[in-house]
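# Architecture at a glance
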Amino acid sequence: MRRMNTTPSKTTTPSTTTPPAGTTDPAEGSADAVTEEATAQDSLVKDPATDSSAKDPAPKDTTGTPSDAADSGTAPDDLAGQSDDDDDDDALEPDPFDEARHGVGAGAAAVVSAALGVVALTGAWTGRVAAERETLIGQIQTSGGGSAAQQISEIYGDAWHTTALVNGVFAVLALLVGVFVLVRPAFGAPSERPQPTWVRAVALAGVALGVLGVLISAGMYFDLFVSLPTAGVPAGG
């Protein structure tokens, strides 16, 4: 007959003892790993900026510091100011070509005035030609006979007066051109630079020579300086 064991059997319970130091419970380690992974995913979803900073812990400073921005902002202004200063300096400096062209016409007119005044005083070939023509005309007119006074007047007097008239025309031209050069700056568009000194000096010389030539020519024409010769009365006539 078989005997039954009436002693209760020993049951085994899970070990609740603390694992030794330095070891990790596998179940607890897997739970912590799952928790950390979920936290990392939540942080990626909630804070994209944090993710980008995590991937690139040392991003490059693309905006620069405030001082760099201020320097970059003032640099074009400084360059613009320097360019403006250069333009002002160029504008203040006289252009040699403009200086050379300035007063050319007035200077030429002044020289012409002085030359005409000299011609009026010394005589020109036109005056000699006109005088010779008058002499020839007088000879033709008196070839058929005439008194001595008539011959003097037609041959010598007309040639003398013609020379004085031609010289007087040159003197008047010199006077008019010189006066025009002197009064030209007072009319028309005002000039930024005054008339050169040498232009005014030469124009004044032309005016003086013109006035002197007019006076001399007038005296010659009206026989104020030297009268025409007269024929003597024959003795016993």
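Residues numbered from 1 in each chain as written. Predicted model: local features only at pLDDT ≥ 70, side-chain atom pairs only at ≥ 80, totals over all residues. Heavy atoms only, no water.

Quick look at the packing of aromatic side chains now. Inspection of the entire model under this criterion finds two aromatic pairs. Aromatic side chains Tyr 156 and Trp 160 sit 6.3 Å apart centroid to centroid with 25 degrees between the ring planes, which places their arrangement in the stacked category. With Tyr 156 and Trp 160 both in helix H7 (residues 148-183) and four residues apart, this pair spans about one turn of that helix. On the accessibility criterion, Tyr 156 (42% relative accessible area) is partly exposed. We classify Trp 160 as partly exposed; its relative accessible area is 29%. Here Tyr 221 and Phe 222 contribute two aromatic rings whose centre-to-centre distance is 5.3 Å and whose plane-to-plane angle is 85 degrees, an arrangement assigned as edge-to-face. (Phe/Tyr/Trp six-rings, centres within 6.5 Å; stacked < 30°, edge-to-face > 60°. Helix = DSSP H or I, 4+ residues; strand = E, 2+ residues; numbered from the N terminus. Buried < 20%, exposed > 50% of the residue type's maximum accessible area, 1.4 Å probe, protein only.)

The next subject is the nonpolar core. One finds Leu 116, Ala 120, Ala 124, Val 166, Phe 170, Ala 171 and Ala 174 forming the largest nonpolar core, which totals seven residues. If you list the elements that add at least two residues to this core, you get helix H5 (104-122) and H7. With four residues, H7 is the largest single contributor of residues to this core. Residues Ala 110, Val 181, Val 199 and Ala 203 belong to the second largest nonpolar core, which totals five residues. (Core = buried A, V, L, I, M, F, W, Y, C linked by side-chain atoms within 4.5 Å.)

As a further point, take the packing of H5 against helix H8 (residues 197-221). Here H5 crosses H8 at 25 degrees, and the two axes come no closer than 8 Å. With respect to H8, the axis of H5 lies roughly parallel. As for how H5 packs across H8, the hand of that crossing is left-handed. Contacts between H5 and H8 involve Ala 106, Gly 107, Ala 110, Val 111, Ser 113, Ala 114, Gly 117, Val 118, Ala 120 and Leu 121 on the former and, on the latter, Trp 198, Val 199, Val 202, Ala 203, Gly 206, Val 207, Leu 209, Gly 210, Leu 212, Gly 213 and Ile 216. Class assignment for the residues of the contact of H5 with H8 results in 15 nonpolar, six polar and no charged. (Axes fitted to C-alpha atoms, helices over the stretch in contact; angles between N-to-C directions. Parallel < 35°, antiparallel > 145°, perpendicular 65-115°, else oblique. Left-handed = near helix turned anticlockwise from the far one by under 90°. Contact = heavy atoms within 4.5 Å. Nonpolar A, V, L, I, M, F, W, Y, C, P; charged D, E, K, R; others polar.)

Looking now at the confidence of the model for the chain. Summary statistics for the chain give a mean pLDDT of 73 and a share of 54% for residues scoring 70 or more. Of all helices and strands in the chain, the one with the weakest mean pLDDT is helix H2 (residues 48-55) (45), whereas H8 scores best (96). Segment residues 8-24 is flagged for pLDDT under 50; beyond a separation of four residues in sequence, or across chains, it makes one contact in the model. (pLDDT = per-residue confidence, 0-100.)

Taking 1.5 Å per residue, 25 residues should reach 36 Å; H8 reaches 36 Å between its end C-alpha atoms and fits that length. Restricting attention to buried positions, one finds in H8 the residues Val 199, Ala 203, Gly 206, Val 207, Gly 210, Gly 213, Ser 217, Gly 219 and Met 220. Looking at the buried positions of H8, the neighbouring elements they touch are H5 and H7. Asp 223 occupies a position one or two residues after H8 and carries a positive phi of about 55 degrees. (Expected span 1.5 Å × (residues − 1).)

Glancing now at a nonpolar patch on the surface. Judged by side-chain polarity, Leu 121, Leu 165, Val 169, Leu 173, Leu 212, Ile 216, Tyr 221, Phe 222, Leu 224, Phe 225 and Val 226 come together as a nonpolar surface patch covering roughly 1,100 Å² of accessible area. For the nonpolar patch, the elements supplying multiple residues, two or more each, are H7 and H8. With respect to the helices, strands and loops of the structure, Leu 212 is situated in helix H8. Assessed through its relative accessible area of 41%, Leu 212 is described here as partly exposed. (Patch = residues over 30% accessible without salt bridge, like charges linked within 9 Å, V, L, I, M, F, W, Y side chains within 5 Å. Areas by Shrake-Rupley, 256 points an atom, 1.4 Å probe, with all protein chains shown as cover. Salt bridge = Lys/Arg side-chain N within 4 Å of Asp/Glu carboxyl O.)

This brings us to the environment of Gln 141. For Gln 141, the location among the structural elements is in helix H6 (residues 125-142). Residue Gln 141 is classed as partly exposed on the basis of its relative accessible area, which comes to 45%.

Examined against the element boundaries, Ala 124 turns out to sit in the loop between H5 and H6. Sequence separation between Ala 124 and Phe 170 is 46 residues, and the spatial gap between their C-alpha atoms is 9.1 Å. Not counting the four nearest positions on each side in its chain, Ala 124 is found in contact with Val 119, Asn 167 and Phe 170.

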